[in-house]
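Residue-level listing of the chains:
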Amino acid sequence: MQKTTIVKNAASLTLMQVANALVPLFVIPFVVRALGVEAFGKVSYAQTIVAYFSLLVNYGFEYSATQEIALNREQSCRLRVIFWSVLKSKLFLLLVAFLAYVGLIFLSPRFEGDTMLYLFAFLINVGMAITPTWFFQGMESMWWVALINVVMKVLAALFILLLVVGSSDYNLYVLLMSLSYCGAGLALFFLAYFKYELKYESLFDFSPVRKGFPIFLNTALSNIYALGGITIIGIYLSNAEIGIYAGAHKIVSAMSMMLSMPLSMALFPALSREFSQSVQLGWKSLKKCIGLVFVVGSVFTVVLYGMSPIIVKIFLGDAFSDVIPLLQMLSPIPMLVVMATMFTVQGLYGMQAQNAAPLVGGVVALFSLVAYWLATPMYGVYAAAVVYIISELLEIMIVYLILFRRIHP
């Protein structure tokens, strides 16, 4: 029964990642041709800046709240308390993020002339704040989440194809993408509210907040080396070079999400319960999963490297031919991301040792920031790609050593 549930949720999460990652990726060829390389780079930079604020809105609830729901799924009163506690926390964080964001875009000269672009891009965080994916994940009932995400993303894609026809439409493109997240968030909120009878509860449970803080810190720090390349490129290089790096980065990010997120999120509730029973039992199950993931990830890397010219031609077009060698260089990233996710999420978070995660994120983030800052101005986008790969390898090695010492003291 447990294996069947994991398989069903993994399939549902795969479908959801298709909506979140591949549907926008399939739209990119049409968007790039309509907007051009420079406008595409401008849009990609805005989305990168917003992603930092998304980290605050999401906090660490995708794992801490999921774990709380999974451990209390039979207690309806506790479910209501956890649900409303997390939702209120996310809305508060949304307000904090928005105030900080508005200050940034109005005070920094880098964002002059594109205020609407950056405000439309931020709307995605409204959708993230109200979307209770963590609740459905903890209940191990992801089918509706996947279906609603697919419907909203496909609708957004259709409107983009119909309405985004020229370089001046880059604001509209970002707005439509953000509205798809808001629509999915509203639909899933009402589905959870009525399906599980989650009437309002004034009591507040700090457990998801407390457990989520080290996860938030680690996620924020780890995103520095995932997104830092584009950020530093935006400071030193042109919009066209941002577009080149962003093209390769969007492809490997989509592939990474497709490879890592469905399996990781589907396994997390079950492995959390196994680790709560016995660290040795959880570690035994985790090792089996890691072996399979390594084999699949290695094959994925080889295929992505060989297919890079075709992938770039299909998704980005001839104007992005400079992306091909960069994408080949970044082809190990999806495999490294899924391995890092397995060790960090399933290992550290699963055994509730998330307090060690910020240490890992801090070390890797510090290394990557210094490396990006020194190397990118001199060697450009290829230096950013190399730093990204080394950072992922460094994270895997450090987390493995921490896990090994905890399991074999």
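Residues numbered from 1 in each chain as written. Predicted model: local features only at pLDDT ≥ 70, side-chain atom pairs only at ≥ 80, totals over all residues. Heavy atoms only, no water.

(A) Here's a closer look at the environment of Phe111. Residue placement: Phe111 occurs in the loop between helix 4 (76-107) and helix 5 (115-122). Judged by relative accessible area, Phe111 falls into the buried class, the value being 5%. When the C-alpha atoms of Phe111 and Met139 are compared, they prove to be 42 Å apart, with 28 residues separating the residues in sequence. If near-sequence neighbours (up to four positions away) are discounted, Phe111 is found in contact with Tyr45, Ile49, Leu104, Ile105 and Tyr118. (Helix = DSSP H or I, 4+ residues; strand = E, 2+ residues; numbered from the N terminus. Buried < 20%, exposed > 50% of the residue type's maximum accessible area, 1.4 Å probe, protein only. Contact = heavy atoms within 4.5 Å.)

(B) Highlighting the side chain of Ser391. Mapping Ser391 onto the fold places it in helix 16 (residues 381-407). Looking at Ser391, its side chain comes within polar contact range of the main-chain oxygen of Val387, at 2.8 Å. Ignoring any residue separated from it by four or fewer positions in sequence, one finds Ser391 in contact with Tyr225, Val364, Phe367 and Ser368. (Polar contact = N/O pair within 3.5 Å; in protein donor to acceptor, adjacent residues only side chain to side chain.)

(C) Main features of unusual backbone geometry. Of note in this structure, Tyr59 is not a glycine but carries a positive phi near 55 degrees. Checked against the element boundaries, Tyr59 lands in the loop between helix 2 (37-58) and helix 3 (61-71). With phi around 50 degrees, Glu197 is a residue other than glycine that occupies positive phi space. Residue placement: Glu197 occurs in the loop between helix 9 (170-195) and helix 10 (207-236).

(D) Geometry of helix 10. Helix length check: helix 10, at 30 residues, gives a terminal C-alpha distance of 42 Å against a target of 44 Å (1.5 Å per residue), a fit within 8%. Within helix 10, the axis deviates most sharply at Leu227, by approximately 55 degrees. Burial within helix 10 is extensive, with 22 of its 30 residues counted as buried. (Expected span 1.5 Å × (residues − 1). Bend = angle between axes of the 7 residues up to and from the residue.)

(E) Region of the structure containing the pattern of salt bridges. Counted according to the given criterion, the structure contains 4 salt bridges. Between Lys42 and Asp114 there is a salt bridge whose closest N-O contact spans 3.8 Å. Separated by 72 residues along the polypeptide, Lys42 in helix 2 and Asp114 in the loop between helix 4 and helix 5 bring together distant segments of the chain. Note on Lys42: relative accessible area 26%, which makes it partly exposed. Relative accessible area serves as the criterion here: at 13%, Asp114 is assigned to the buried category. Note that Asp205 is salt-bridged to Arg78, the shortest N-O span being 2.7 Å. Separated by 127 residues along the polypeptide, Asp205 in the loop between helix 9 and helix 10 and Arg78 in helix 4 bring together distant segments of the chain. You can call Asp205 buried: its relative accessible area is 11%. In this structure Arg78 comes out as partly exposed when scored by relative accessible area, which is 24%. Each of Glu68, Arg78, Asp205 and Lys211 takes part in one network of salt bridges that share partners. (Salt bridge = Lys/Arg side-chain N within 4 Å of Asp/Glu carboxyl O.)

(F) Structural view of the nonpolar core. Within the largest apolar cluster, 103 residues are counted, with the highest numbers of intra-cluster contacts made by Tyr101, Tyr118, Tyr173, Leu316 and Leu348. It is helix 14 (residues 333-349) that contributes the most residues to this core, 12 residues altogether. Not counting residues within four places of it along the chain, the set of residues in contact with Tyr118 comprises Tyr45, Ala46, Ile49, Val50, Tyr101, Ile105 and Phe111. Tyr59, Met139, Ile148 and Leu188 belong to the second largest nonpolar core, which has 24 residues in total. (Core = buried A, V, L, I, M, F, W, Y, C linked by side-chain atoms within 4.5 Å.)

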